[in-house]
Amino acid sequence: MQRPIRISTTLVALVLAVSAHANPPVAGDDLDKLLANKGLLAQIDQVRQSVGEKASDLVVTAMGFLGVPYRRGGNTVESGFDCSGFVKAMFEQTVGLVLPRKAAQQAAATQKIERADLQPGDLVFFNTMRHAFSHVGIYIGEGKFIHSPKPGAEVRVESMAVSYWNRRFDGARRVPATAPETATAQTN
């Protein structure tokens, strides 16, 4: 019984954090006045809110898969997930974007960002097999990420500050709102 309560508390905290980050206060400089006069400020806020909601949905959806077993080559809840299969499935189910299958391909298809700029829903990459971008997870905020780590393990949340992950951090990427050539929008 304790685990669902802890997960629920974590989910509420993450949703609140994403919501607060998605709607920063508007500064009163000349650019903001110009944008407001042209009616663009409201549109920008609407897009910002939409992106924040998608990131929040992505994190909440991913958290619903805690405990699903690792399986090499797996990309469904029935078969289990490997790291890139988990990321691919979460983006398809929540955001409607089809990402490449392998972690290195996912890194190549997304926009590089600085570690300090990480936001919930961004991808974090690690060198766990002596080559770049050999592992991927989804950043959930507060220095933590969710991933499917290795054979015998399950989808779980871990801190990037842990020595193992910190030493192997290989970069952060953001999936653009509009799909790049190698990550295409899913059609219904």
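The model shown is predicted, which means the values in this text are computed figures rather than measured ones.

### Quick look at the side chain of serine 84
Assignment of secondary structure puts serine 84 in helix H4 (residues 83-94). Sequence-distant contacts of serine 84, that is, excluding residues within four places in its chain, are made with Arg101, Lys102, Ala103, Gln106 and Val136.

### Here we look at the packing of aromatic side chains
All chains considered together, the criterion is met by eight aromatic pairs. When the centroid spacing of 5.8 Å and the interplanar angle of 80° are considered together, the rings of phenylalanine 65 and phenylalanine 81 count as edge-to-face. Placement of phenylalanine 65 in the loop between helix H3 (40-63) and strand S1 (75-76) and of phenylalanine 81 in strand S2 (residues 80-81) is noted, with a sequence separation of 16 residues between them. Owing to a relative accessible area of 1%, phenylalanine 81 belongs among the buried residues under this scheme. One aromatic cluster in this structure is built from Phe126, Phe145, Tyr164, Trp165 and Phe169. When the ring centre of phenylalanine 169 is taken as reference, the NZ or CZ atom of arginine 115 above it lies at 4.3 Å.

### As for the confidence of the model for the protein
Residues at a pLDDT of 70 or more form 65% of the protein, whose mean pLDDT is 79. Long-range and interchain partners of residues 1-27, a stretch whose pLDDT sits below 50, account for 24 contacts in this model, where long-range means more than four residues apart. Contacts of residues 179-188 to residues separated by more than four positions or lying in other chains number 17 contacts, the stretch itself having pLDDT below 50.

### Details of the sheet that holds strand S9 (residues 169-174)
Taken in spatial order, the six strands make up an open sheet running S4-S9-S5-S6-S7-S8, and their pairing is antiparallel. Here the strands that pair on one side only, and so sit at the sheet edges, are strand S4 (111-113) and strand S8 (156-159). For this sheet the average axis-to-axis angle between neighbouring strands, irrespective of direction, equals 40°. Direction of pairing for strand S5 (residues 123-126) relative to strand S6 (residues 135-141): antiparallel, over a ladder of four bridges. Residue pairing for S6: phenylalanine 125 is matched across the bridge by valine 136. Where H4 meets the sheet, its contacts fall on S5, S6 and strand S7 (144-147), and the angle it forms with S6 comes to roughly 50°.

Analysis parameters
Residues numbered from 1 in each chain as written. Predicted model: local features only at pLDDT ≥ 70, side-chain atom pairs only at ≥ 80, totals over all residues. Heavy atoms only, no water. Helix = DSSP H or I, 4+ residues; strand = E, 2+ residues; numbered from the N terminus. Contact = heavy atoms within 4.5 Å. Phe/Tyr/Trp six-rings, centres within 6.5 Å; stacked < 30°, edge-to-face > 60°. Buried < 20%, exposed > 50% of the residue type's maximum accessible area, 1.4 Å probe, protein only. Lys NZ or Arg CZ within 6 Å of the ring centre and 35° of its normal. pLDDT = per-residue confidence, 0-100. Pairing = 2+ DSSP bridges. Axes fitted to C-alpha atoms, helices over the stretch in contact; angles between N-to-C directions.

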